[in-house]
Structure formats: structure tokens, C-alpha cells
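Here is what each chain is made of, one letter per residue.
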Amino acid sequence: MFCSYGKETESQPSPDLADTDRTAAPTHPTRRRATSAGPPGLYRTVRMRPPPARWRHRPGHAARRGAGPHRTAPPPVAGSPRDREGGGTEPAGGAQRSTWRRVTGRGAPPSAHERRWLEAAGLGGAGVGPRGGAQFPDEVLERVLSLLASHKDRSAASLVSKAWYHAERWSRTRVFIGNCYSVTPEIVARRFPNIRSVTLKGKPRFSDFNLVPHNWGGRHPVLARRVRGSNFRALSLLSCDGFSTNGLAAIAARCRNLTELDIQENGIDDISGDWLSCFPENFTSLEVLNFASLSSDVEFDALERLVSRCNSLKVLKVNRTITLDQLQRLLVRAPRLTELGTGSFLQELNAHQHSELERAFGGCKNLHTLSGLCEAMALYLPVLYPACVNLTFLNLNDAALQHEELAKLLVHCPCLQRLWVLDTVGDDGLEAVARNCPWLEELRVFPANPFDEEVNHGVSESGFLAVSYGCRRLHYVLYFCRQMTNAAVATIVQNCPDFTHFRLCIMNPGQPDYVTNEPMDEAFGAVVKTCTKLQRLAVSGLLTDLTFEYIGRYAKNLETLSVAFAGSSDWAMQCVLGGCPKLRKLEIRDCPFGNAALLSGLEKYESMRSLWMSACKVTMNGCEERCPTFCSYSLKSLFQGILLLCEFV
């Protein structure tokens, strides 16, 4: 099937995080010029008005022009704080002055552009200060930007002016790279010289289905050498490859202030587990440690000493080589954990070991996330009950539980908001979810045997319907099933109209409504008509162009669309590209879309983060013949990449 199930990660990056390579050099929006303030090769042409005529002949105007026309201001008012600091006027109202002083530590008002971004960030409010403030010192801008938590807001703020660009450049310490092949390590290190935390995302989700050639794409070994090892704090790798546990050993030995090491679903060369012993004996700063995706045995004594030293450890996720007895010893030494990923639950325990393990879980009073439980045995699930009281996220993706076992466990999880399960729970298990989880907001149901077409167990539309009746706060769903109906989907979205992510994956390609034998067009039409907040959509089943007409007409907030084995002609894709103004990611495989469909989105591709087409009817000759003038380097590279994928499949 199209939708991924093997590479799902528990801590998904926020959808508003911006790619680092999309932050270009800023210019003022009212004058025509090219700027070189950003990374080499990035230039932008814009328009700018001259300063007001009443200022052009004032004394000192020529001297002030160096700061930029939008920085030009009337002479300061005598006796004001700005007069003592070098220009400008103070906000007129006392409330405005206090607001601005609280944000920046002084009474100077922002410029019009700075005021607009502060209002967008909720920092200053309307009317913080008069138009035309003087340029801020770097420390003031950095103080303001430090109050912006969103990467997207920081990237947008960096486009206000050169001063804001450089202040944001030097003050940013955390970087998320959603596509590691879109930017080189040299550009990242040069753009943000003070990086302390890097989240790096590698292969796309289609690598689960062998749609990505071996060693496809770039690698980022240089990035680790270009950051300052002594000050580097956090590293998170998602779906990456090209490195081994020797690299982890180097990070452990050199990054003395490391607080986060998160290795999720990577194709790592797992040589040995000795890398844990490379942490210095005086190392105590670790707060997050996740090596659940590694397969080799780890040196448990080194792990136990590390956990004992790091009193601030909040997240610990171990691999399946850690036994229940070893897990008990770790829990005793880390009672402050908020997130726990267990190892294997397939072990025989005597009565004493069983009671000690139950007591260890009972000591985890702050636990809100639980995962792992590999090969969980029903006999030992009761030891989890004391730790389930405050759980908000339960990940059972590695535990093939039956519906009776799941029902007993959910009784002890009254606060659950996120739940991941395998389809072995069946519709009866989902009915237990509906009865016990009224606060549920996210549900993911993965297939236990996705490539076995003869499997009879699993979930159907009845389990999904039960959840929609019992969990009205549901807004994120990933649902793998083998049959579905148009009427069931329409009822589900009526019960839960606040869906932002709706990913329905019918595992039999081209499967129609099994009751009426009609296409599933009306099902997804009901989704986009009812769920006005929809941001991500994955479609499946027998679909005609009508589905895509519905998407283009109603899904105005859609950002990510995944399509497989669907559509009848190029018109389907043209409807989507022409009707979804916020579309940023488009994933297509095994669809009859050709050159006309691809070329219909030329104007949109500049603002999109990724476009993936595999096993489609796209040719380079057809693109060049239909649109010979488009061939900029970036778009030509894009089409060549798409064609390589088509040839591979």
C-alpha cells in the first residue's frame, strides 16, 4: 500500500517547521535591488519606495541612509529614553511603553516591519509604537527573536530586514531539516553558526515499500564535524542511513554537553553496543536517550551507569535486547522518567522478579508516554497498570495484543489522548477504545501482516464507526483496513468534523465500496466537505477524477496529499494543483498522471517542500516539448529526479 507503517515516529516534527534551505536573504519590500546577505547564490529582486519627502532634506538624513530607508526616523524627542540611546521617539501611551519595555528591555518603539512581526507573534499588540523606529542593537533583536518558539515564525522574521536576518542567524540554536537532501551541511553550518540541536530527516516514507534505490540520496557526515562538539546539545536522526554505531561512539565521546540523542527508525550499520561505554564517567547532562531501533546487544553495565549518573533523564527508550529484569534495574535508577520505551516482554519471571518489576513501574509517577512492549505476554501486562494512570500516549505498534488484553489495559488509562495499535485488536478492540478513551485525539491502526493478502483478521468500518461515536475529540487518524464503505466514512466525519489529518489506507489497491461496489469518491468528498481544518489527506480504494475535483474545490487548507492507484486522467492532478493554495507536499505513486499533469503545477512548485511521483507516465522529452522555456536548473533537477524514480519502479 501507499501509506507508510514502518517509519512512523512517535515524536513527529511540528507541521509548521520550515526547511532551513528555504530561508533566503531579506530585503525591504519597497525598493528594487539584489541582496547578498544570505547564503551564496541566493538573490531576490524587490521594490522599495524612497523615504518621505519631508525627511529628505533634514539634517543628518544622508548619514542615516546607511541603515536602510525603512530605518530613517524623525529627530528624537529631547529627554526621552531614545534620545539618550540615539534617536526615535517613545510610544505615546503608558501601556504601549510598558509592553515594549517588557519585550525588549527598553522604551524604544519598533519600526513598522518589526511591529508587524511582533503583532503576528503576539508580543507587542497593535499600536506598540509610532511608525519609523530606529535600528535596534543586535542584543535587542536577539531578545525579541528568542521569544519566538516556532521555526516557521523565526524564518519569516528573518526576512524583515538584514538586521533581523543576521540576528536570527546568530541566535538560532535549534534546526529542523525535513529533507536532508535539500541542503548541504556546509550551507546549514554557515547559515546557523551557533547550532546546538539538529533534527535530521532522511529517507521518505516510501522506503518502506522498496521504492527507493539502495544508497539513494545524499548523506550528512560533514554536519557532525562542522558543529562545535563541546557546545553541541541535541541530535535527532529520523529515517537516515550511511552511518554506524562508530559514529554514535564519536558523538558520545566528544559532545560533553549532550542532552538529547534520539535515533529513530534509521538504517544504521549496527556494529556493536560498545558505543554506550564511550560516554565519559563524569558525563551527567543527558535528558533524552532513544536507541530503540538498534538491533545489537548493548553493554548493559555501561547503560546502567549512564542512567544512574544522569539525574535529569526524562526520556529513555531501549531496544528489544533489554530484558524485563534489566528494565527493572533501569527504572529504579530513573524514577523521574516521563517517556519510556521498554525492551522485550518475552521473558519468564519468578514471583520475586514479578513483584519487583511491578514496584518499579509503580514508582514512575510522572510517566505519560509508554512504548515498546515487544512480544508482550498477557501474563505480564498487569505490571504496567500502576504506571498507566497519567498516560497520554500509548504506543502498542510492536505488541500484537488481542482485544481482551487491550480492553483490560485501557481501563487503567483514563487520560489517554494518543493510541497506536496493530490491527490484531480487531473491531472488538476498537469498541473497547470507544468505551474507555473519551479524550482520545489521535488513533493509528497499523497492519500486523501488510503483505499477506490471505489474512482474515484485522479491522473494518465497524471498528472505525465505534471510535467515532465514542471519541468525538478525534482529529488525527491513520487507519489500515481491507474494506470500507462510503456511508461509513460520511458518518465518521459527521461525528468528528475536526479532523486535521485523515489517512485512510485500504490495503487492496482499487478496492471499491464493498457493499455497493461503487468508487470511494463520495467518501473522500464527504471528508473534504465536512473537515474544513483538514491539513493532511491520504486517499485509497477505487477513485475516479471526481475525488480530486472535490479535493481541489473544498480542501483549501490542505498541506499534504498522498495518492496511490487512483485517478483516471491528468485532469485529476490539475484540479488539485489549481485548487489547493496551501499545498506543500504531494506524494503520488502508480497513477495515470503524465506530462500535462506535472506541468500544470509549475507556478506552485516554488512554494512546495516536496513532490514525489513514482510509476507515473512522466517523460523528460514530453516536459521539454510542452514547455521548453521553463527549464531553470532547479525545476529541471526536479523533473530528472521524478523520472529516475519512474525508471526505478
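Numbers given to residues run from 1 along each chain, matching the order in which its sequence is written. In view of the model being predicted, local features appear only for residues whose pLDDT reaches at least 70, and side-chain atom pairs are presented and counted only at 80 or more, with totals across whole chains, interfaces and linings using the full set of residues. Water and hydrogen atoms play no part in the side-chain values, which are based on all heavy atoms of the structure.

Caption draft 1: Main features of the overall build of the protein chain. A run of H or I in DSSP counts as a helix once it spans at least four residues, and a run of E counts as a strand once it spans at least two, with each numbered from the N terminus. Counting its regular elements, the protein chain contains 25 helices and 19 strands. Think of it in three bands: residues with accessible area under 20% of the maximum for their type are buried, residues over 50% are exposed, and the middle band is partly exposed, with areas taken using a 1.4 Å probe on protein chains only. Of all 649 residues assigned to the protein chain, the portion counted as buried reaches 55%. For the protein chain, long-range pairs separated by at least 24 residues make up 67% of all intrachain contacts whose partners lie at least 6 apart in sequence. Areas reported here follow the Shrake-Rupley algorithm with a probe of radius 1.4 Å; residue values treat only the protein chains shown as occluding. Accessible area for the protein chain stands at about 27700 Å²; split by element, carbon and sulfur atoms hold 49% of it. Note on contacts: a residue pair qualifies if any of its non-hydrogen atoms lie within 4.5 Å across the two residues.

Caption draft 2: Expanded view of the packing of helix 16 (residues 426-436) against helix 17 (residues 461-470). Here the axes come from fitting lines to C-alpha atoms, over the contacting stretch only for helices, and the angles between their N-to-C directions go from 0 to 180 degrees. The contact between helix 16 and helix 17 brings their axes to 8 Å, and the two run at 0°. With respect to helix 17, the axis of helix 16 lies roughly parallel. Each of Asp427, Leu430, Glu431 and Ala434 in helix 16 lies in contact with helix 17, whose residues at this interface are Ser462, Gly463, Phe464, Ala466, Val467 and Gly470. Should an angle fall under 35 degrees it is taken as roughly parallel, and over 145 as roughly antiparallel, whereas 65 to 115 is taken as roughly perpendicular and any remaining angle as oblique.

Caption draft 3: Quick peek at the environment of Cys374. Structurally, Cys374 is set in the loop between strand 10 (369-371) and strand 11 (393-395). The exposure class assigned to Cys374 is buried, which follows from its relative accessible area of 5%. Distance from Cys374 to Asn319, taken between C-alpha atoms, is 9.1 Å for residues 55 residues apart in sequence. Apart from the residues lying within four places of it in its own chain, the contact partners of Cys374 are Arg320, Gly343, Ser344, Phe345, Leu346 and Asp398.

Caption draft 4: Fine view of the side chain of Thr485. Locating Thr485 in the fold gives a position in the loop between strand 14 (476-481) and helix 18 (486-495). Classification of Thr485 by relative accessible area gives buried; the value is 8%. With residues up to four places along the chain from it excluded, the contact list for Thr485 reads Glu461, Asp513, Tyr514, Val515 and Met520.

Caption draft 5: The arrangement of unusual backbone geometry in detail. In the Ramachandran plot, Asn517 falls in the positive-phi region, its phi being about 65° despite a non-glycine side chain. Locating Asn517 in the fold gives a position in the loop between strand 15 (501-506) and helix 19 (521-530). We note that Asp590 has phi near 55°; this positive angle belongs to a residue other than glycine. Looking at the element boundaries, Asp590 is found in the loop between strand 18 (585-589) and helix 22 (595-599).

Caption draft 6: Highlighting the confidence of the model for the protein chain. Looking at the protein chain as a whole, the pLDDT averages 76, with 69% of positions reaching at least 70. A residue's pLDDT is the predictor's confidence in that residue, given on a scale from 0 to 100. With pLDDT under 50 throughout, residues 629-634 is counted as low confidence; its partners more than four residues away or in other chains account for eight contacts. For the stretch residues 642-649, pLDDT sits under 50, and the model shows 21 contacts to residues farther than four places along the chain or on other chains.

Caption draft 7: Focus on the packing of aromatic side chains. Here the aromatic set is Phe, Tyr and Trp, taking the six-membered ring for Trp, and pairing holds for ring centres within 6.5 Å; pairs whose planes are under 30 degrees apart are stacked, those over 60 apart are edge-to-face, and all others are tilted. Tallied over the entire structure, the rule returns nine aromatic pairs. Both rings, one in Phe499 and one in Phe502, keep their centres 5.2 Å apart while their planes meet at 80°; by these two values the pair is edge-to-face. What makes Phe499 buried here is its relative accessible area of 0%. Accessibility expressed as a relative area gives 0% for Phe502, which makes it buried. Note on Phe548 and Phe593: the rings are 6.1 Å apart at their centroids and 90° apart in plane angle, and the pair reads as edge-to-face. Remark: Phe593 occurs in the loop between strand 18 and helix 22 and Phe548 occurs in helix 20 (residues 545-554); sequence separation between them is 45 residues. Overall, the relative accessible area of 1% leaves Phe548 in the buried class. Of the residues examined, Phe593 reaches a relative accessible area of 1% and is grouped as buried. Through pairs of rings, three or more aromatic residues link up here, namely Phe464, Tyr479, Phe499 and Phe502.

Caption draft 8: Representation of the environment of Val618. Within the secondary structure layout, Val618 lies in the loop between strand 19 (610-614) and helix 24 (620-626). When its relative accessible area of 6% is taken as the criterion, Val618 is described as buried.

Caption draft 9: Fine view of the side chain of Thr369. Its place among the elements puts Thr369 in strand 10. Thr369 sits in the buried class, given a relative accessible area of 4%. Within 3.5 Å is the distance limit for a polar contact, defined as a pair of N or O atoms, with the added protein rule that one can donate a hydrogen and the other accept it, and that residues adjacent in sequence qualify only through two side-chain atoms. Within the structure, Thr369 has its side chain in polar contact with the side chain of His368 (distance 3.0 Å).

Caption draft 10: Summary view of the nonpolar core. Counting 140 residues, the largest nonpolar core has Leu289, Phe502, Leu537 and Ile551 as the members making the most contacts within it. Setting aside anything within four residues of it in sequence, one finds Phe502 in contact with Phe464, Val477, Val489, Val493, Phe524, Val527, Leu534, Arg536, Leu537 and Ala538. What makes a nonpolar core is a set of buried Ala, Val, Leu, Ile, Met, Phe, Trp, Tyr and Cys residues whose side-chain atoms join them at distances within 4.5 Å.

Caption draft 11: Inspection of the packing of helix 6 (residues 138-145) against helix 8 (residues 162-171) at higher detail. Look at helix 6 against helix 8: their axes get within 9 Å of each other, and the N-to-C directions meet at 65°. Classified by the angle between their axes, helix 6 and helix 8 sit roughly perpendicular to one another. Between helix 6 and helix 8 lies a crossing whose hand is right-handed. Listed contacts from helix 8 to Leu141, Glu142 and Leu145 of helix 6 are Ala163, Trp164, Ala167, Glu168, Trp170 and Ser171. Each residue gets one label: Ala, Val, Leu, Ile, Met, Phe, Trp, Tyr, Cys and Pro are nonpolar, Asp, Glu, Lys and Arg are charged, and the others, such as Gly, are polar. Residue composition of the contact of helix 6 with helix 8, grouped by class: six nonpolar, one polar and two charged. Working rule for handedness: look at the near helix, and if it is turned counterclockwise from the far one by less than a right angle, call the crossing left-handed; if clockwise, right-handed.

Caption draft 12: Quick peek at the pairing of strand 18. The buried fraction of strand 18 amounts to four of the five residues, a majority that puts the element mostly inside the structure. Here five bridges tie strand 17 (residues 560-564) to strand 18, and the two strands are oriented parallel to one another. Bridge pairing in strand 18 places Ala564 opposite Arg589. Orienting the strands away from the viewer, one traces the path from the first strand over the helix to the second; a clockwise path indicates a right-handed crossover. Following the backbone out of strand 17, through helix 21 (residues 570-579) and into the adjacent parallel strand 18, one traces a crossover that is right-handed. As paired strands, strand 18 and strand 19 are joined by five bridges and run parallel to one another. By the bridge assignment, Lys585 is partnered in strand 19 with Ser610. Strands are treated as partners if at least two bridges between them are detected by DSSP.

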